[in-house]
Amino acid sequence: MSIPSFEELSLKDEDCLSPIESQATDTESDQELESDGKKKFSKHMSIAEVYLEACKLVGVVPVSYFIRNHSSPTMTLTYHGLGPLGCKALAIALVSDVHIRTLELAYNRVQAEGVKYLAELLRANFTIQHLDLSNNHVKSEGAEHVAKMLMDSISLKSIKLSGNGFLDDDAKHFTEALSTNFRIKDLDLSHNKFCGKGGEYLGQLLANNEGVEVLDLSWNHLRMKGAVAFSAGLKVNTMLKHLDLSWNGFGNEGALAMGEALKFNNTLVHLNLSNNCITNEGVSMLCRGLDYNETLRVLLLAYNAVTVEGALALVNVVKNSPKTALEQINICNVLVNENFVSLLELTCQEHPGLDVQYEGVGGFIAQKSPKRIDPMKVIQDYLDKRKLRLWDFFRNIDKDGTMRVPVTDFRKAVQQSSIPLSRFQIEELIHRLDRGRTGMVDYRGLADTRKQMVRDHRRQLKKVESRQKKEKQKSDRILKTFQTAVEAVTPRSSMIFSPGGAKEDSGGPQPFSATPLSSWHHIVMSNSSRYSITNMSGDHVHLPMLGGTSPYRPTSSPAMRSYSQPNLLVDSSNSPTSKSISAQGVCSDLETDYSKLSPTGNSLTRSRPALNTQQPESKAKTKKLKKRKVKKHGVKDSQNPTKSIK
């Protein structure tokens, strides 16, 4: 095979411009390289000789490791300081290479320009299957070049893009590229800066892609809405097997959404949620999904805020779920107790392959200290139970009825009675009734105990109800957001209505666009199975298909209220008589077509039978009443002609 000239191998900047570089600088650099590249390579030159000649023309120092090992299947050039130009020389040499399967270029600062050269390389090289571009300062400037590389390459199976400073909007390029390329099996996007909007794009990636089996998103910022949107994409994904979401701050909100996703996902095998600020509450929400999941084998929850309660919940899920596939649970930072160990031994008898990694025995279940009982409440309850009054109880020691007794007599009377008060409670009661240390107890304060008791009880109930209401509202809000996200990423077949009839949209895949979660309940779905408009009540009004070939099938839940409208202007160029039609226009067209088809469709009264025969009589009565009122007004006007003239 003849090796092409350097002019042909030099990457054409005018074909793939960098998003930031100007065209003037690109053309100048091209002219310089073309002037240096007039020399033709011989077809008998080896890969090493081509590389040396390319390094001379580009002006970089050759890497001796590449010259010595250019025929090996794995080329590791990590920490060699290639830079963009060194990457260009390497790309020129590897165009005709047929040996290298794995190319590792981590920590070389190739930047966006170097990625552009590698994209051109992978268009011509069909042997490189694994590419490592971690920590190369690619950033947002090179995200489009990476996406172009993913779309054009037909041999690449795995790519590592860790630590390149990608932002939320950069995830859109990867989603668009991987929506058509299903050959990528392993994708590493860890140590980047994906946040809420990036989670939406990545959730769309999971929903549309049918090739990625291993995805690493550790050390990002997927939390709150981003975590919920990503979990929604995982719910409908059918290929992913290994998912790493450690160090993302998922929190209990993300754990709730992940639990919902695990109820339906039947392909995920390995899930890493370590260091995600998940508490026992989040673990209980996650366990709701584990009850239904039958494929997950490895669950990593290390270094979360989980205690023995969360550990017991996880083991109980395995024990009570006969179809579970869990084999490994990592909670290596949790101290467990004897109850957990005994439960684990009992569970391992039914599931011998279960391996739970914990820190050791010595933990305890955090319990709230018992609430101290108010001694005044004890006395009041005692009196209420026996239907006594305070004066009846203390009348033996309060001869005068002043409701003031000495401290010693009060203590003796309470101790001799059957009131269940301890010595410390009696002393506390004396201290409260004799604040001035006068030696006299004024037990009139006990008379107001009932009112204070009722007020305290009501206040406590309000606090509990308010807390429960807030937690329920929060969970409902997360689940609603999760459901809307699932509806947004679920693909559907689209239909387009025109005045001539119904047509299917066969224009290929729709362009991807992510919408903020706050507006997902108003999202316009481009792929809807029917045209729907909204009435004043907020419900769906589905227009029947003119051909009558497709029966009505509801596709959205009642709680969603998402209004899907196809683009009516798609076929405007094809149909010369097409116009911009609103929802009312479509309704009017349908009504006219229906009136043409049915002879009785001109008016509503002709097509509907009368409900009863008494309706005309009632209408006649109303007309008579109106006439009588008019006559009365006429008489009044005749009596007062001056008023009518005024």
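This text follows the structure it describes.
Heads up: these notes are all about the structure in this document. (Residues numbered from 1 in each chain as written. Predicted model: local features only at pLDDT ≥ 70, side-chain atom pairs only at ≥ 80, totals over all residues. Heavy atoms only, no water.)

For the rest of this paragraph, the subject is the overall build of the chain. A tally of helices and strands in the chain yields 23 helices and 17 strands. Buried positions account for 42% of the 646 residues belonging to the chain. For the chain, restricting intrachain contacts to residue pairs at least 6 apart in sequence, the fraction spanning at least 24 positions comes to 80%. A total of about 36100 Å² of accessible surface is found on the chain, and carbon and sulfur atoms cover 53% of it. (Helix = DSSP H or I, 4+ residues; strand = E, 2+ residues; numbered from the N terminus. Buried < 20%, exposed > 50% of the residue type's maximum accessible area, 1.4 Å probe, protein only. Contact = heavy atoms within 4.5 Å. Areas by Shrake-Rupley, 256 points an atom, 1.4 Å probe, with all protein chains shown as cover.)

Here we have eleven strands laid out as an open sheet, ordered S1-S2-S3-S4-S5-S6-S7-S8-S9-S10-S11, and parallel in their pairing. The open sheet has two free edges, formed respectively by strand S1 (74-76) and strand S11 (355-361), since each of these has just one partner strand. When strand polarity is set aside, the average angle formed by the axes of neighbouring strands in this sheet is 5°. Taken together, the three bridges between strand S7 (residues 242-244) and strand S8 (residues 270-272) define a ladder with parallel strand orientation. Its bridge partner lying in S8, Asp244 is registered against Asn272. (Pairing = 2+ DSSP bridges. Axes fitted to C-alpha atoms, helices over the stretch in contact; angles between N-to-C directions.)

This brings us to the packing of helix H12 (residues 280-290) against helix H13 (residues 308-320). In the contact formed by H12 and H13, the axes pass within 9 Å of each other and the chain directions differ by 5°. Taken together, the axes of H12 and H13 are roughly parallel relative to one another. When H12 is examined against H13, the residues Asn280, Val283, Cys287 and Leu290 are found in contact with a partner set consisting of Glu309, Gly310, Ala313, Leu314 and Val317. Considered class by class, the residues forming the contact of H12 with H13 number six nonpolar, two polar and one charged. (Parallel < 35°, antiparallel > 145°, perpendicular 65-115°, else oblique. Nonpolar A, V, L, I, M, F, W, Y, C, P; charged D, E, K, R; others polar.)

Let us look at the pattern of salt bridges. Close approach of charged atoms allows side chains with opposite charge to pair. Counted by the stated rule, this structure contains seven salt bridges. Here Asp169 and Lys197 are joined by a salt bridge, their closest N and O atoms 3.5 Å apart. With Asp169 in helix H8 (residues 168-178) and Lys197 in helix H9 (residues 196-208), the pair connects residues that are 28 residues apart, well separated along the chain. Taking relative accessible area as the criterion, Lys197 reaches 38% and is therefore assigned partly exposed. For Glu253, the salt bridge goes to Lys474, with nearest N and O atoms at 2.8 Å. Placement of Glu253 in helix H11 (residues 251-262) and of Lys474 in helix H19 (residues 449-489) is noted, with a sequence separation of 221 residues between them. For Glu253, a relative accessible area of 14% corresponds to the buried category. (Salt bridge = Lys/Arg side-chain N within 4 Å of Asp/Glu carboxyl O.)

Turning our eyes to something else, we now look at the packing of H8 against H9. Interhelical geometry of H8 versus H9 gives an angle of 5° and a closest axis separation of 8 Å. Comparing the axis directions of H8 and H9 gives the class roughly parallel. Across from Asp168, Asp169, Ala171, Lys172, Phe174, Thr175 and Leu178 in H8, the residues of H9 making contact are Gly196, Lys197, Gly198, Tyr201, Leu202, Gln204 and Leu205. Grouping the constituent residues of the contact of H8 with H9 by class yields six nonpolar, four polar and four charged.

Once that is clear, we can look at helix H10 (residues 225-236). Compared with the 16 Å implied by 1.5 Å per residue over twelve residues, the 18 Å span of H10 between its first and last C-alpha is a close match. For H10, the buried fraction is high: ten of the twelve residues fall into the buried class. Among the residues of H10, Gly226, Ala227, Val228, Ala229, Phe230, Ser231, Ala232, Gly233, Leu234 and Lys235 are the ones counted as buried. (Expected span 1.5 Å × (residues − 1).)

Next up on the list: the pairing of S11. Summarising the sheet, strand S10 (residues 328-336) and S11 pair through six bridges and their orientation is parallel. What sits directly across from Leu335, in S11, is Gly360.

Residue position: Asn237 is located in the loop between H10 and S7. Residue Asn237 is classed as buried on the basis of its relative accessible area of 4%. A polar contact of 2.9 Å, which involves the side chain of Asn237, links it to the backbone nitrogen of Met239. When near neighbours in sequence (up to four residues on either side) are disregarded, Asn237 contacts Leu206, Asn209, Asn265 and Thr267. (Polar contact = N/O pair within 3.5 Å; in protein donor to acceptor, adjacent residues only side chain to side chain.)

Now for the nonpolar core. Within the largest apolar cluster, 108 residues are counted, with the highest numbers of intra-cluster contacts made by Phe66 and Met149. Among all residues touching Phe66, those that are not within four sequence positions of it are Ile47, Tyr51, Met75, Leu77, Leu90, Ala93, Leu94 and Ile100. In terms of nonpolar packing, the next biggest core, distinct from the first, is built from 19 residues, Phe393, Phe394, Ile426 and Val441 among them. (Core = buried A, V, L, I, M, F, W, Y, C linked by side-chain atoms within 4.5 Å.)

So, on to the side chain of Thr267. Residue position: Thr267 is located in the loop between H11 and S8. Here Thr267 falls in the buried class, since its relative accessible area comes to 18%. What Thr267 contacts, discounting residues up to four positions off in sequence, is Asn237, Thr238, Met239, Leu240, Lys241 and Thr295.

What the rule picks out here adds up to five aromatic pairs. Between Phe166 and Phe174 the ring centres are 5.1 Å apart and the planes differ by 80°, which places this aromatic pair in the edge-to-face class. Each of the two residues, Phe166 as well as Phe174, counts as buried. Here the guanidinium or amino end of Lys235 rests over the ring plane of Phe264, the centre of that ring lying 4.1 Å away. Stacked on the ring of Phe424, the Lys or Arg Arg423 has its end atom at 4.7 Å from the ring centre. (Phe/Tyr/Trp six-rings, centres within 6.5 Å; stacked < 30°, edge-to-face > 60°. Lys NZ or Arg CZ within 6 Å of the ring centre and 35° of its normal.)

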